[in-house]
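Listed below, chain by chain, are the residues.
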Amino acid sequence: MYKFLLCWRYLRTRYIALASIISVTLGVATMIVVNSVMAGFAHEMQSRLHGILSDLVFESHSLEGFADPQWHMQQIRKVAGESIAGMTPVVTVPAMLSFQYGGNWVTRPVQLIGIDEKTQAEAGEFAQYLLHPANHQDMKFDLRESGYAEGAEHAPQNPRKELRTAGWVHRRKSMVRQRNYEAEARAIDQKDKPADKQPAADPFAGDPFAATAKNDQNVFDPLKEQHTGLVMGIALASYHDRQGADRFLLLPGDDVKVTFPTSGTPPRAIDDIFTVVDFYECKMSEYDASFVFVPLSKLQELRGMIDPANGTRYATSIQIRLRPGVDANQVRDRLRMAFPPELFAISTWRDKQGALLAAVQMETAILNVLLFLIIAVAGFGILAIFFMIVVEKTRDIGILKSLGASGRGIMGIFLGYGLSLGIVGSGAGLTIGLAFVIYINEIADLLGQVTGHPVFDPSIYYFYRIPTIIDPLTVGGIICGALAIAVAASVLPARRAARLQPVEALRYE
Amino acid sequence: MSNYEPLVVERPIQDFQQPAPVSLRAQDVHKRYRKGHVEIPVLRGVDLDVRRGEFLSIIGQSGSGKSTLLHLLGTLDRPDSGSVHLDQRRIDNLPSAEHDRLRNQTFGMIFQFYHLIPEMTALENVLLPLMITQSWLAYRLRKRVNVERATHLLDTVGLSHRLRHTPRELSGGEMQRAAIARALISGPQVLLADEPTGNLDRATGGEIMQILRTLNRQQQLTIVMVTHDPAIAEQADRVVRLAEGQVETVS
């Protein structure tokens, strides 16, 4: 009974001991924050990656691809049909994307991906990352009138106002401006060269029906028509200004030129004009700044991936989505057994981004070791202060012994004291850590305001808000570790106290 | 401090018709202390009988070994040779756990420097021996009885107005009274007092002696007191003089 009372009294009267556990508090708090943020990052990244990359990718080593993806998909179904939820053929090629901005041509290296808009939704969550809400349900490579969303998770303090007018509205406006500009330029041209005054008379001028027919069939009217649709990663079309707002170089409705290699050896560069119909935003800047999607059939056609003899189409890879709960590694291994490895590479999304995920895990592990060392150092502080307290309390220990307290009882007091210090320290650490994790974005914003530049820059990281996951098991482990260290540090002083001879202790003044 | 209520201490009622038996006996007790490489003999064959209900004082100069003898009697320390008996039972060679129990139940101890726990109030200090023996649950269940008993004891030593004060807020005499109440709370058989007045002025010391005498008279509590002051020693029934580690005279 006296142990509890004395522990409690010591706890309330010795502030120096409380000072010694501040490092425990800080250690516990930092460990909780670091683990929660790292777990949040890892989880967000995994789910993003998993959303972007399909569960399994079956790909050819060459840019020419393999013939008849439908037949291959049947073969895949034969091997692992029961675990497959959906498949889609894909053509992936490196490409250059060029567009006009401010009178100059801007060219960007991109990853050009030909997708089948009908089956793409079966293999991944591609459509969820498009900006136009209508594309989430029913993805089409058609330009929408307007109504492009600003992005669900987009930072509200920097609205993307430009997107509100994107679509046909923007296209009409910019095409009219373009036309006026061209007309002006022609007028100046003609003034300079008055010789060639009248254009040659239209041979069909007399036939109004022929004129309209020709217009309908041949002349491309950018005010009413679009080229083949193209979806591009949002980071290709925009940049962050210093305030963190997005500036757009082009919008859905603008035309771009894409240059890419043809199939065959050696590949030749060909190009075509596409109309941007939507932006792709998965918030993984690596993908947002490189992915460009076009319709599969158009890409196959342009690259010459259709066999002229029998019309067999080619694809470079097949994306496979598995049924929930299926072990991707196991399916991958079965497919690897079934298809020749010199022709096809079969990998899970984890294999593809393994290095990134492993890096996050590695960082977490190293940080945990370092931070746990902080708590261990705090243990030595407790050890030193406890020795001081035992010396200071020598007389009291003698008194307790003279009143019949056993050595174990005395030891219990100091172990209990160590434990209660640990509880107070890690309890405070838990509170601080959890509060920090819960309000981490507010704290980041506040720090950003105070220091003048944002602490958490979404263009560097993959997310607009700092993601956190509080894992009760991890938190429990941290607390237990801190308590164990506090108790372990008090064992030696407690043993010393227990072994004090009562006579010696009483003589101590 | 003249009008005392009798202290209620639970212990077997003794038959005083017969000659008082020996309560505590030391036989040929030797004790040496080591300071560095030098061994200092403190007790060199002490024989001492303390009868039940007796108020015995041990007098001697500083370093004569009187405190050591008291510690040996109270099982705070073990003799190098010789034996200590309590009611014909040898106690000096018992295991530590038994010693702990004896110190808690059988012996009450008071010291020159009072030795109260500074973190506890007077009342809690008095309750401390009960807290040490009783488990948390038992103490909780008996708390009311315990507190009543401690309050009553503090009342009888004249400290009922200082229950919630910490030792720092008490005077020397008040601290010694609290220490006496603490020594009595378990209903001890023998009270061992080590210079109980050594740190007090004459008047306060006298009050403390008065309390001890009253305890001895009214409750036949066996008291062994160590002092260097002949005036204090004389107030006991019997005085034993200790010199150079041996019993010199018995008066």
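Throughout, residues of each chain are indexed from 1 in the direction in which the sequence is written. All chains are assigned letters beginning with A, and all ligands numbers beginning with 1, in the order in which they are written. Residue-level local features of this predicted model are given only where pLDDT is at least 70; pairs of side-chain atoms are given and counted only at 80 or more, and the full residue set underlies all totals for whole chains, interfaces and linings. With hydrogens and water stripped out, all remaining heavy atoms of the structure feed into the side-chain values.

## Quick word on the overall build of chain A
Which entries qualify depends on this criterion: Under the scheme used here, helices are H or I runs from DSSP no shorter than 4 residues and strands are E runs no shorter than 2 residues, and both carry numbers assigned from the N terminus. Exposure categories follow from relative accessible area, calculated using a 1.4 Å probe and restricted to protein chains: below 20% of the type maximum is buried, above 50% is exposed, and the middle band is partly exposed. The contact definition used throughout considers only heavy atoms, calling two residues in contact when any of these lie within 4.5 Å. In this description, accessible areas are obtained by the Shrake-Rupley approach with a 1.4 Å probe, and a residue is regarded as covered only by the protein chains that are shown.
From N to C terminus, chain A includes 19 helices and 13 strands. Looking at chain A residue by residue over its 509 residues, the buried ones come to 46%. For chain A, contacts bridging at least 24 residues in sequence account for 77% of all contacts bridging at least 6. Entry remark: accessible area of chain A is about 25,600 Å², with carbon and sulfur atoms responsible for 59%.

## Comments concerning the overall build of chain B
For chain B, the helix and strand inventory stands at eight helices and 10 strands. In chain B, of all internal contacts separated by at least 6 residues, the share reaching a separation of at least 24 is 72%. Surface accessibility of chain B: about 11,500 Å² in total, with carbon and sulfur atoms responsible for 48%.

## Details of helix H7 (residues 168-192) of chain A
All names here are of chain A. The following threshold applies: Take the number of residues in a helix, subtract one, and multiply by 1.5 Å to get its expected span.
Here H7 contains 25 residues, and its C-alpha end-to-end distance of 36 Å stays within 8% of the 36 Å for a straight helix at 1.5 Å per residue. Buried within H7 we find Trp168, His170, Arg171, Ser174 and Met175. Contacts from the buried residues of H7 go to strand E8 (255-261) and strand E9 (269-280).

## Details of the packing of aromatic side chains
Describing an aromatic ring pair means giving the distance of the ring centres and the angle of the ring planes. Residues and elements named next belong to chain A. For clarity, the threshold we go by: By convention, a stacked pair of Phe, Tyr or Trp rings (six-membered ring in the case of Trp) has centres within 6.5 Å and planes under 30 degrees apart, an edge-to-face pair has planes over 60 apart, and any other such pair is tilted.
The tally for this structure, following the rule as stated, stands at 16 aromatic pairs over all chains. Taking 4.8 Å as the distance between ring centres and 75° as the angle between the ring planes, the aromatic pair formed by Phe58 and Phe339 counts as edge-to-face. Here the residue Phe58 occupies a position in strand E1 (residues 56-60), and Phe339 occupies one in the loop between helix H12 (328-338) and strand E13 (344-348), the gap between them amounting to 281 residues. Accessibility assignment for this pair places Phe58 and Phe339 in one class, buried. Of the aromatic side chains, those joined through ring pairs into one cluster are Phe126, Tyr129, Tyr280, Tyr287, Phe291 and Phe293.

## Comments concerning the nonpolar core
Our working rule: By nonpolar core we mean a set of buried residues, namely Ala, Val, Leu, Ile, Met, Phe, Trp, Tyr and Cys, connected to one another through side-chain atoms within 4.5 Å.
Ranked by size, the top nonpolar core spans 127 residues in total, and within it Leu400(A), Leu48(B) and Leu212(B) carry the most contacts. Per-element accounting of this core gives the leading share, 10 residues, to helix H18 (residues 472-499) of chain A. Residue contacts for Leu400(A): discarding those within four places in its chain leaves Tyr2(A), Leu6(A), Ala405(A), Ile410(A), Ile413(A), Ile117(B), Leu128(B) and Ile132(B). Leu53(A), Leu56(A), Tyr280(A) and Phe291(A) belong to the second-largest nonpolar core, a separate cluster that totals 78 residues.

## Considerations on the interface of chain A and chain B
Just so we agree on the cut-off: The term buried area means the drop in 1.4 Å probe accessible area that two parts suffer when joined, counted for both and summed. Here a polar contact is taken to be a pair of N or O atoms separated by no more than 3.5 Å, where protein atoms must pair a possible hydrogen donor with a possible acceptor and residues adjacent in sequence count only if both atoms sit in side chains. For this scheme, ten residues count as nonpolar: Ala, Val, Leu, Ile, Met, Phe, Trp, Tyr, Cys and Pro. Four count as charged, namely Asp, Glu, Lys and Arg, and the remainder, Gly too, count as polar.
Listed as interface residues are 26 residues of chain A and, on the opposing side, 28 residues of chain B. Across the chain A/chain B interface, buried area totals approximately 2,400 Å², and carbon plus sulfur atoms make up 65% of it. The interface formed by chain A and chain B holds six residue pairs in polar contact (both at pLDDT 80 or more) in total. Broken down by secondary-structure element, the contributors of at least two residues to the side of chain A that touches chain B are helix H1 (2-13), helix H15 (394-402) and helix H19 (502-507) of chain A. Among the elements that line the side of chain A that touches chain B, the one with the most residues is H1(A), at seven residues. Within the side of chain A that touches chain B, the residues separate by chemical class into 13 nonpolar, five polar and eight charged.

## Looking at the pairing of strand E12 (residues 317-322) of chain A
Residue and element names in this part refer to chain A. Filter applied, for reference: If DSSP finds at least two bridges between two strands, the strands pair.
For E12, the buried fraction is high: five of the six residues fall into the buried class. As judged from the six bridges shared by strand E3 (residues 84-101) and E12, these two strands associate in the antiparallel manner. The partner of Thr88 across the bridge, within E12, is Gln319.

## Remarks on the pattern of salt bridges
What counts here: Any carboxyl oxygen of Asp or Glu that lies within 4 Å of a side-chain nitrogen of Lys or Arg is treated as forming a salt bridge with it.
In the structure shown here, the tally under the stated rule is 25 salt bridges over all chains. The salt bridge involving Glu98(B) is made with Arg101(B); its shortest N-O contact spans 3.1 Å. Linking Glu98(B) with Arg101(B), this pair stays in helix H2 (residues 96-105), spanning three residues, or about one helical turn. Among the residues examined, Glu98(B) registers a relative accessible area of 22% and is labelled partly exposed. In this structure, Arg103(B) engages Asp100(B) in a salt bridge whose closest nitrogen and oxygen atoms are separated by 2.7 Å. Here Arg103(B) pairs with Asp100(B), and both are found in helix H2, just three residues apart, close to one helical turn. We classify Arg103(B) as buried; its relative accessible area is 6%. Given the relative accessible area of 11%, Asp100(B) is considered buried. The structure contains a network of salt bridges with shared partners spanning Arg332(A), Asp333(A) and Asp351(A).

## Quick notes on the sheet that holds strand E2 (residues 38-51) of chain B
Residue and element names in this part refer to chain B. Just so we agree on the cut-off: Lines fitted to C-alpha atoms define the axes, with helix axes restricted to the stretch in contact, and inter-axis angles between N-to-C directions lie between 0 and 180 degrees.
Spatially, E2-E1-E4-E5 is the arrangement adopted by the four strands of the open sheet, whose pairing is antiparallel. In this open sheet, the two edge strands, each paired with only one partner strand, are E2 and strand E5 (89-90). When strand E1 (residues 22-35) meets strand E4 (residues 81-86), the two strands line up antiparallel, connected through five bridges. By the bridge assignment, His30 is partnered in E4 with Ser81. Packing against the sheet, helix H1 (residues 66-73) makes contact with E1, E2 and E4, and its axis sits at approximately 60° to E2.

## Notes on the packing of helix H14 (residues 354-392) of chain A against H18(A)
All names here are of chain A. Here is the rule we go by: Roughly parallel covers angles under 35 degrees, roughly antiparallel covers those over 145, roughly perpendicular covers 65 to 115, and oblique covers all other angles. The sense of a crossing depends on the near helix, which, turned anticlockwise from the far helix by less than a right angle, makes the crossing left-handed and, turned clockwise, makes it right-handed.
Where H14 meets H18, the closest approach of the two axes is 8 Å, and the angle between their N-to-C directions is 25°. Between H14 and H18, the crossing angle belongs to the class labelled roughly parallel. The interaxial crossing formed by H14 with H18 has right-handed handedness. Contacts between H14 and H18 involve Phe372, Ile375, Ala376, Gly379, Ile382, Leu383, Phe386, Phe387, Val390 and Val391 from the former and Gly481, Ala482, Ile485, Ala486, Ala489, Ser490, Leu492, Pro493, Arg496 and Ala497 from the latter. Per-class residue counts for the contact of H14 with H18 are 16 nonpolar, three polar and one charged.

## Considerations on the environment of Leu5(A)
With respect to the helices and strands, Leu5(A) occurs in helix H1. Of the residues examined, Leu5(A) reaches a relative accessible area of 13% and is grouped as buried. A sequence separation of 408 residues divides Leu5(A) from Ile413(A), and the C-alpha atoms of the two residues are 9.1 Å apart. Setting aside its immediate chain neighbours within four residues, Leu5(A) contacts Met120(B), Glu124(B) and Met131(B).

## Structural notes on unusual backbone geometry
With an omega dihedral of -10°, the bond running from Thr265(A) to Pro266(A) counts as a cis peptide bond. Checked against the element boundaries, Pro266(A) lands in the loop between E8 and E9. Within the chain, Asp28(B) stands out as a residue other than glycine whose phi angle is a positive 50°. Tracing the chain through its elements places Asp28(B) in strand E1.

## Overview of the packing of H15(A) against helix H16 (residues 407-438) of chain A
Residue and element names in this part refer to chain A. Two numbers describe how H15 lies on H16: the axes approach to 10 Å, and their chain directions differ by 140°. The orientation of H15 with respect to H16, classified from their angle, is oblique. Handedness of the crossing formed by H15 with H16: right-handed. Taking contact as the criterion, the partners of Ile397, Leu400 and Lys401 in H15 are, on H16, Gly407, Ile410, Ile413 and Phe414. Grouping the constituent residues of the contact of H15 with H16 by class yields five nonpolar, one polar and one charged.

## Some points on the confidence of the model for chain B
Spelled out, the test is: Confidence of the prediction at every residue is given by pLDDT, a number between 0 and 100.
On average, residues of chain B score 82 in pLDDT, and 92% of them reach the 70 mark or higher. ipTM for the predicted complex: 0.85, alongside a pTM of 0.68.

## Notes on the pairing of E1(A)
Moving residue by residue along a regular strand, the side chains alternate between the two faces of the sheet. All names here are of chain A. Taken across its five residues, E1 has four buried, putting it largely inside the fold. The pairing of E1 with E13 spans five bridges and is antiparallel. Counterpart to Phe58 in the pairing with E13 is Ile346. With four bridges connecting them, E1 and E12 associate as antiparallel partners. Pairing of Phe58 across the sheet is with Ile318, part of E12.

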